[in-house]
Amino acid sequence: MLRLERRPSPSKAWNYATPVVAVLLTMIAGGILFTILGKNPFEAIKLIFWDPLFSEQFAAYSRPQLLVKAGPLILIAVGLSIGFRAGIWNIGAEGQYIVGALCAAAVALAFYPAESVLVFPLMIVAGALGGWAWAMIPAILRTRFNTNEILVSLLLVYVAEKLLAAAATGFMRNPQGAGFPGSRNINQYASAANHEIFAGTGLHWGGVAAFVAVLFTYIMLQRHILGFQVQLAGQAPRAARFAGVAPARLVLMCMGISGAFAGMAGMFEVAGPARLISIDFNAGYGFTAIIVAFLGRLNPIGIVLAGLLLALTYIGGELAQFMLNLPAAAIQVFQGMLLFFLLALDVLSNYRVRLFLPQRATTETV
Amino acid sequence: MDFGSINPVVLIASLMVAATPILLAAIGELVVEKAGVLNLGVEGMMIVGAVSGFAAAVTTGSPILGMLAAIVAGAAVSLIFALLTQVLMANQVASGLALTLFGLGFSALLGQSYVGIVPPRTEKLNFGFLSDLPVVGRILFGHDILVYVSLFLVAAVWYWLNYTRGGRVLRAVGENHDSAHALGYKVKRVRILAILFGGACAGLGGAYLSLVRVPQWTEGMTAGAGWIALALVVFASWKPWRVLAGAYLFGGIMVLQLNLQAAGYRIPVEYLAMSPYIITILVLVVMSSNRTRRTLAAPGSLGRSFHAAG
């Protein structure tokens, strides 16, 4: 008989091994899914995980895309991971990402067509503030009124989506766009555009920001008292209270940082790859970032690797869609399964699986 | 503003229809939470129910078979959640989110070939002359079977939780799983069954959306209904009758908002469409302000995982 026995402390080895095993299991399950869909599983898996990076045919286009997609994922996920560690669940990053983009676009459109070096930094500040402010709504409701931050932050995603639609079709619509929805092309406005820094790498300022955010979070978690408080509040809330951690301040800080990071990610996206505010501007990065944060074990460096991997599934998914006629939703299912396997395997780092034979069990307990 | 063009009888009759999906999902989630489990996957289970119900109804030509399929599908995906949280002791918040993300993708995959199809019509129940009565006929006797099923479920859940042994065991498990375990109740078995019930209800609610309310299949068509259902449980302080009141209140807001959109008031459509979400948030704030978990009446073990030591 199998029995689970709680480990005194989580297993370090399994902690590192589970993400890898989860990815392998997802590949197998994904392969089965592709077979059911009538595709060759080996070809599909190769197309998703190998060809975007190494095939001669596609790599030239898709390799730079890796950093384009991984940038916002890592930036958002690293912000979320701080709150997740403390047991504060901001799951509305998608909304903060949209509002950040809207605020940044508002700054750019307000200055248009004046050229100045100040526009771009101002947009970054506006994006971060927008995301921060949107995250402050659930944070303040939680600290002032004890309202569940999970539900509020999630419901605000729908509000942000409607706001985005109102902006794209109404108050931000391009006056020279012949009535079509969508704002001016911010990517073509020199002072506001977020271009590639080195041609052909896909690295734009969002990638740089993600790198800085990872460093910031790493140092905070490892070397700063705030990082200690975050860990403590997550692992032993009562002990944290005795140690003088103010729960309200912690909520405001964790939500604020994650919101600001998500808002910045929105800013870099709207000024870069997305080019303008459109109705379908948001591509679900805010939700995928939750998977990235878990896959990276809420560890900044792990998140970088996880972000690159999930960016790969986005690109490979597009490739498979194009080459094998695989439905776009298949990749979403794939990402969902990854999170399932990850959560399921966590049992191995927290528990020991013991094989108990009924008659032997009595002698073993002596 | 001029509300004169909105007929109150039609409004009440249509708000009952608008409220039924969230009512079904919320009453299921109430039972789950009463057992001490927080399943944030309602949105995912609803949308899987919506697509499976739609597909089954279109294939067989029978909306009733579609709804049965949705019940099975909702329960089946909730089984994943049950496995993760009850057997493998995974974090409930993360597992629920995973279920929602997976459900949204999975439903889009299943529903690909069903976009743009009209489902078989769900007929209204025939009450004979009763349906022709003025005012009352339209409100009480003018609906399809699921509206009555949802009302029956509210009453049944209320009775079962308060007046039967099974209901009391379930509440004991939700209030304090260690004590319940010490008394010899099977904590995990109770919770897994509750999760399956919640999944079945959410699936049925989703099918009502795709077969009656909309009726069509589009990707992501639940549009947050599952999350509103979750909020509704908090709003109702975990009491079945208040879930009903809350659901009809939200149904009213949704119908009113749609009527205002159709009437072409000068407020842009997007801002009106925001209102159900904003009002949900406001209600949550009012309900939870300055109250502790205790006075809110949240089940004591809500969201905590249970592992019997030794």
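Chain B is annotated in an unreviewed UniProt entry as ABC transporter permease of Pararhodobacter aggregans. UniProt's Subcellular location (unreviewed entry) comment on chain B is quoted here verbatim: "Cell membrane".

Looking at an unreviewed UniProt entry, one finds chain A named Sugar ABC transporter permease, with Pararhodobacter aggregans as its source organism. Quoted verbatim from the Subcellular location (unreviewed entry) heading of the UniProt record, the comment on chain A is "Cell membrane".

(A) Structural detail: the overall build of chain B. Of regular secondary structure, chain B possesses 13 helices and zero strands. Rg of the C-alpha trace for chain B: 20 Å, near the compact-globule value of 19 Å for 310 residues, within the 12% margin. If you line up chain B on its principal axes, its C-alpha atoms span 65 × 45 × 40 Å. By the burial criterion, 57% of the 310 residues in chain B qualify as buried. Element-wise, carbon and sulfur atoms account for 66% of the exposed surface of chain B, whose accessible area totals about 12,600 Å². Charge separation in chain B, taken as the distance between the mean sites of 19 positive and 11 negative side-chain charges, equals 14 Å.

(B) Summary view of the overall build of chain A. A count of helices and strands for chain A gives 15 helices and two strands. In terms of overall size, chain A behaves like a compact globule, its C-alpha atoms giving a radius of gyration of 22 Å where 366 residues would be expected to give roughly 21 Å. With respect to the principal axes defined by its C-alpha atoms, chain A has extents near 85 × 55 × 35 Å. Sequence separation of at least 24 residues holds for 75% of the intrachain contacts in chain A that already meet a minimum separation of 6. Of the roughly 16,300 Å² that chain A leaves accessible, carbon and sulfur atoms contribute 65%.

(C) A look at a nonpolar patch on the surface. Residues and elements named next belong to chain B. A contiguous nonpolar patch, built from Ile64, Leu65, Leu68, Leu125 and Ile145 and spanning about 400 Å² of accessible area, is present on the exposed surface. Among the elements that make up the nonpolar patch, the one with the highest residue count is helix H3 (residues 63-87) (three residues). For Ile145, the location among the structural elements is in helix H6 (residues 145-163).

(D) Local environment of helix H9 (residues 187-213) of chain B. Across its 27 residues, H9 of chain B extends 37 Å between first and last C-alpha, which sits within 8% of the 39 Å expected from 1.5 Å per residue. Burial analysis of H9 of chain B places 20 of its 27 residues in the buried class, the great majority of the element.

(E) Inspection of the interface of chain A and chain B at higher detail. Tallying the contact residues gives 43 residues for chain A and 47 residues for chain B. On the chain A side of the contact with chain B, Leu151, Leu155 and Phe340 of chain A bury the most area, a combined 18% of that side's loss. If you look at where chain A meets chain B, you find zero salt bridges. Inspection of the chain A/chain B interface yields three residue pairs in polar contact (both at pLDDT 80 or more). Taken together, the elements giving at least two residues each to the side of chain A that touches chain B come down to strand S1 (2-6), helix H6 (119-145), helix H7 (149-171), helix H12 (285-295) and helix H14 (329-350) of chain A.

(F) Region of interest: the environment of Ala26 of chain B. All names here are of chain B. Within the secondary structure, Ala26 sits in helix H1 (residues 8-34). Along the sequence, Ala26 and Ala231 sit 205 residues apart, while their C-alpha atoms lie 8.5 Å from each other. In contact with Ala26, not counting residues within four places along its chain, are Ala229, Leu232, Val233 and Val243.

(G) Quick peek at the packing of helix H4 (residues 59-85) of chain A against helix H13 (residues 300-324) of chain A. Residues and elements named next belong to chain A. Where H4 contacts H13, the two axes come as close as 7 Å, and the packing angle between them is 135 degrees. The angle between H4 and H13 places the two elements in the oblique class. H4 and H13 meet at a crossing whose hand is right-handed. Where H4 approaches H13, its residues Ser62, Gln65, Leu66, Leu67, Lys69, Ala70, Leu73, Ile74, Ala77, Val78 and Ser81 are matched on the opposing element by Pro300, Ile303, Val304, Gly307, Leu308, Leu310, Ala311, Leu312, Tyr314, Ile315 and Glu318. Among the residues making up the contact of H4 with H13, the classes are represented as 16 nonpolar, four polar and two charged.

(H) Focus on the packing of aromatic side chains. Using the criterion set out here, one finds 20 aromatic pairs over all chains in the structure. Between Trp50 of chain A and Phe54 of chain A, the aromatic rings sit 4.4 Å apart at their centres with planes inclined by 40 degrees, giving tilted as the arrangement. Using a relative accessible area of 47% as the deciding quantity, one classes Trp50 of chain A as partly exposed. Judged by centre distance (5.6 Å) and plane angle (75 degrees), the ring pair of Trp158 of chain B and Tyr163 of chain B falls under edge-to-face.

The rules behind these values
- Residues numbered from 1 in each chain as written.
- Chains lettered and ligands numbered in written order.
- Predicted model: local features only at pLDDT ≥ 70, side-chain atom pairs only at ≥ 80, totals over all residues.
- Heavy atoms only, no water.
- UniProt positions renumbered as here; feature names shortened; annotations may be inferred.
- Helix = DSSP H or I, 4+ residues; strand = E, 2+ residues; numbered from the N terminus.
- Rg over C-alpha atoms; globule rule 2.2 N^0.38 Å.
- Buried < 20%, exposed > 50% of the residue type's maximum accessible area, 1.4 Å probe, protein only.
- Areas by Shrake-Rupley, 256 points an atom, 1.4 Å probe, with all protein chains shown as cover.
- Lys, Arg positive; Asp, Glu negative; His and termini not counted.
- Charge placed at Lys NZ, Arg CZ, Asp CG, Glu CD.
- Contact = heavy atoms within 4.5 Å.
- Patch = residues over 30% accessible without salt bridge, like charges linked within 9 Å, V, L, I, M, F, W, Y side chains within 5 Å.
- Salt bridge = Lys/Arg side-chain N within 4 Å of Asp/Glu carboxyl O.
- Expected span 1.5 Å × (residues − 1).
- Buried area = accessible area lost by both parts, 1.4 Å probe.
- Polar contact = N/O pair within 3.5 Å; in protein donor to acceptor, adjacent residues only side chain to side chain.
- Axes fitted to C-alpha atoms, helices over the stretch in contact; angles between N-to-C directions.
- Parallel < 35°, antiparallel > 145°, perpendicular 65-115°, else oblique.
- Left-handed = near helix turned anticlockwise from the far one by under 90°.
- Nonpolar A, V, L, I, M, F, W, Y, C, P; charged D, E, K, R; others polar.
- Phe/Tyr/Trp six-rings, centres within 6.5 Å; stacked < 30°, edge-to-face > 60°.

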